[in-house]
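Understanding the architecture of this molecule
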Amino acid sequence: MSSISYMQLPAYAIGIRPRVQDIYKLLCFGSDDAQIIGICGMGGIGKTTLAKAAYNQYSDRFEGTSFLENFGEYSKKPEGKDHLQRKLLSDITKSNDQVFNMDHAVKQRFCNRRVLVVIDDVEDVDQLASVGIDLSCFGPGSRIIITSRDMHLLELLNVEKIYSPNALNDEESLKLIRLHAFRTSEPSEEFILLSKKLAKYCGGLPLAMEVLGSFLFKRNIIQWESVLKSLKSIPNDNIQAKLEISFDALNAVQKDIFLDISCFFIGMDKDYVGCILDGCDLYPEIGLSVLKERCLITFHDNRLMMHDLLRDMGRHIVRRTSPKKCERWSRLWDHVDVMNGLANYHGTDAIEGLSLKAEVTSVENLEVKAFSNLTMLRLLQLSHVHLNGSYANFPNRLRWLCWLGFPLHSIPTDFRLGSLVVLDMQYSNLKRLWGDGKQPQSLKELKYLDLSHSIQLTDTPDFSNLPNLEKLLLINCKSLVRVHKSIGSLHQKLILLNLKDCTKLGDLPLELYMLKSLETLIVSGCVKLERLDNALRDMKSLTTLKADYTAITQIPYMSNQLEELSLDGCKELWKVRDNTHSDGSPQATLSLLFPLNVISCLKILRLGSCNLSDELVPNNLASLSCLEELDLQGNNFRNLQMNFAGLSSLQILKVDSCSELQSMFSLPKTLRSFYASNCIMLERTPDLSECSVLQSLHLTNCFNLVETPGLDKLETVGVIHMEMCNRISTDYRESIMQGWAVGANGGIFIPGSSVPNWVSFKNERHSISFIVPESLNADLIGFTLWVPYVSQQNDVMSEYPPKIIVNNHTKDDVWIRSPATDHIRMYHEKHIWQGHFSNEDFCLDTGDQVEVSVDFGDQFTILEIGLTLSYIEKDSNSSDEDVSDSRLHEIIDDEIIDDELVLTESQRRPRKKQKTTLLGAFVLLSFIIIVLYYHRW
């Protein structure tokens, strides 16, 4: 094989190794077909560095290699195509022969070679086409790695395996900053807090840490503080330039969307923002999609999120249009800049968006006149601001008005809002939208109206003046007594109506049931609401109905399209059962009150805290073949005899806080999460052995629980909560822990005061250090931790998200993992957390010096730590794999620092079992030797 030219990596390659391991999994070296792998992420996240590291790591597996760095930049140059093609040919063939037809050579010379090619920073599909590169150019087993900021580009190239690197975690960030800024991982104490502030600003972006850390090298504390302060308004030019490449590739409309989000909409609901942007003719459906594909925004729980450095980049782009005169900026978001821009009525028509937020305790008072020059204003966000004067000259092109704490009892008639698409006046003093005797405005463009938490509001507006309204939110309007009958005029428009916690609302107008387009109706917490009309069945678009804690006594027939029905706390629904049916049968009555058979598409059903007893659990639940989530929390049944196995789609079952529950008949095979915490009378769970896809089991505070049959048969469970299950025997508890370890990022939480005796290495500190021992016939597959803990708090959740930190000092790799979902429940009594972590994540090798530390937060006392290594035998004669543990034995040695432990092969405990095939072979061989021996004599 010809020599390989390796790519130069950064001096401090923090966090690269585990991410390269993720790329390794995508490379699928066992497959012989040619494949493309994509690496996609925002600028500065380390795409090129990771591609270089993977290239260096795996180049020796191929017959030829080439790394085309800055491909996008070169392809734009006049001689770029020729340069890239010649480099590709010379790299792989190791020849500089003159080639007359480069296109033909690129397509023909590699078709029978197994090659690795990295094409770095591709910006456009046409760039690849112009150079003549496609998958058909390369031989079987070839791998092409493409890095790009554009996810859509990779999708156009039919790249199915795409790796999106995560930002560096807190530990990795601190280490990288310290190495660049101090050339050591342990700076002097006075710089520790400043390092953490810089790490927070960088948000895990390696480029930012490298640039800023190097800039701050050998600078004093005053200079550090000055830089950190200046970064809030003046981003670093080198970082800015790198990030702006993605912004510059957007069209004008997409740039407007990006700047609107960076200045006003970060953290807001995507659909809410989309409605605003659509009203501004910015085409959000495609625009938001492009921003996400270019890694400029992300969606989290349907909320728009943006990296802090991208946010600062956007705001800097706005600022630099006129650095000294904020009144000429297109958008104002900073309180000081807004006040300066409005001072002396200096605002200009350059301003398109403005956000002014004051504290509740320090209301801002301004003159309406201050806004009179903002004729192009389309986005206005005010919070606890009072405006005095006439609205006659107020900007009339507003598309979004969000005014929290609006101070008036009604909207002034001269406040022209005809262009509004979204009106958000939560926590207002409104009694009515328009004053008594005043002509209401016609808001023909309005699609979204939110008057939630306006506790003085008594009536809804006349909806005939809001003909295109799609979403109406009136949450917690405690004085609301009437919904205007004109709501029926929205029968083809309204899709969401939320009346949650309108505690004085006792009835809904019949016209409401004419809303053929309504998809979601929420009346939860309307405690005076006693009925829903039978016309509900005609609402063919209705998919979600939430009527928790209402006074309804009967559920009407509903459309078969309903997917979610929530009736938590509807106790009146079950009280009239004895007098509603002639045969006196509760179940016969129930079938009339609760006609489930007609809503066969139901996916979510909540009947928590409904006073359900054994005889009142609806038998017709079994008819819901599509049901995925069933919530029966807080009810009074003792023996739940329902055959849940008949619910063939059920994934989540909740029976928490059923304090009288003693037994259950069965569980469905499809169950993924089972919640039965606070079932204080429950002694035995149903057999879990057939719940083959169960991922979480919650049995906290089941004080009488003694057995969970079938638990040891499960392999998919990620987390088990058995806190305060004190009646479980010690032997059974240890059999759970010894025979079965929960997967990474999960864990078992179970009563106990100490690490089990069979865990040989224990440490009373919060961390354990060890050197991975050499193994001749087994591979390290992970490790298991045991952490006994206690707290001064009792039966409350911790405020601090716990974490396990794995630090490979040999390779400068740091990982942070969570031992549970988010938080741990605290108790006065002692408990143990046990969790298993796979070596696929950490890539620990023989000789690595590793430190594993536990951080549960200040509210916990860690009593000790135990750790074992897990190995899998190398057995070429059998397809079965035998897993055995290597126990860490405690060593008392004055020369060992920080409890460091070196393991040798002799310290491993004996194998639990031997392979049948090996044992048989050994017996047969022994027999042959004996026969030959006697035959010889």
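- Looking at an unreviewed UniProt entry, the chain carries the name Toll/interleukin-1 receptor homology (TIR) domain, with the source organism given as Arabidopsis thaliana x Arabidopsis arenosa.

**Description of the confidence of the model for the chain**
- On average, residues of the chain score 86 in pLDDT, and 89% of them are at 70 or above.
- Under a pLDDT of 50 for its full length, residues 577–582 has, in the predicted model, eight contacts with residues more than four places off or in other chains.
- Throughout residues 877–937 the model reports pLDDT below 50, and contacts reaching past four residues in sequence, or to other chains, amount to 89 contacts.

**Thoughts on the side chain of Asn-701**
- Looking at the element boundaries, Asn-701 is found in the loop between strand 27 (696–698) and strand 28 (719–721).
- The exposure class assigned to Asn-701 is buried, which follows from its relative accessible area of 4%.
- The residues contacting Asn-701, other than those within four sequence positions of it, are Asn-678, Cys-679, Ile-680, Glu-723, Met-724, Asp-795 and Tyr-827.

**Topic: the nonpolar core**
- Leu-354, Phe-371, Leu-499, Val-655 and Phe-674 are the most contacted members of the largest nonpolar core, which has 224 residues in total.
- For this core, the element with the highest residue contribution is helix 13 (residues 252–265), accounting for seven residues.

**Side note on the pairing of strand 11 (residues 379–383)**
- Of all the five residues making up strand 11, five are buried; the element is thus mostly covered by neighbouring parts of the structure.
- The side-chain alternation of strand 11 yields two buried faces, one formed by Leu-379, Gln-381 and Ser-383 and the other by Leu-380 and Leu-382.
- Relative to strand 11, strand 9 (residues 353–357) runs parallel, the two sharing five bridges. Within strand 11, the residue paired with Lys-357 across the bridge is Ser-383.
- Taken together, the five bridges between strand 11 and strand 13 (residues 400–404) define a ladder with parallel strand orientation. Of the residues in strand 13, the one forming a bridge with Leu-379 is Trp-400.

**Looking at the packing of aromatic side chains**
- Enumeration over the complete set of coordinates arrives at 30 aromatic pairs.
- Each residue in the set Phe-783, Tyr-789, Trp-815, Trp-833, Phe-837, Phe-842, Phe-856 and Phe-860 is aromatic and connected to the rest through ring pairs, giving one cluster.
- A cation sits over an aromatic face here: Lys-270 above Phe-299, 5.3 Å from the ring centre.
- The aromatic ring of Tyr-345 is capped on one face by Lys-369, whose charged end is 5.0 Å from the ring centroid.

The rules behind these values
- Residues numbered from 1 in each chain as written.
- Predicted model: local features only at pLDDT ≥ 70, side-chain atom pairs only at ≥ 80, totals over all residues.
- Heavy atoms only, no water.
- pLDDT = per-residue confidence, 0-100.
- Contact = heavy atoms within 4.5 Å.
- Helix = DSSP H or I, 4+ residues; strand = E, 2+ residues; numbered from the N terminus.
- Buried < 20%, exposed > 50% of the residue type's maximum accessible area, 1.4 Å probe, protein only.
- Core = buried A, V, L, I, M, F, W, Y, C linked by side-chain atoms within 4.5 Å.
- Pairing = 2+ DSSP bridges.
- Phe/Tyr/Trp six-rings, centres within 6.5 Å; stacked < 30°, edge-to-face > 60°.
- Lys NZ or Arg CZ within 6 Å of the ring centre and 35° of its normal.

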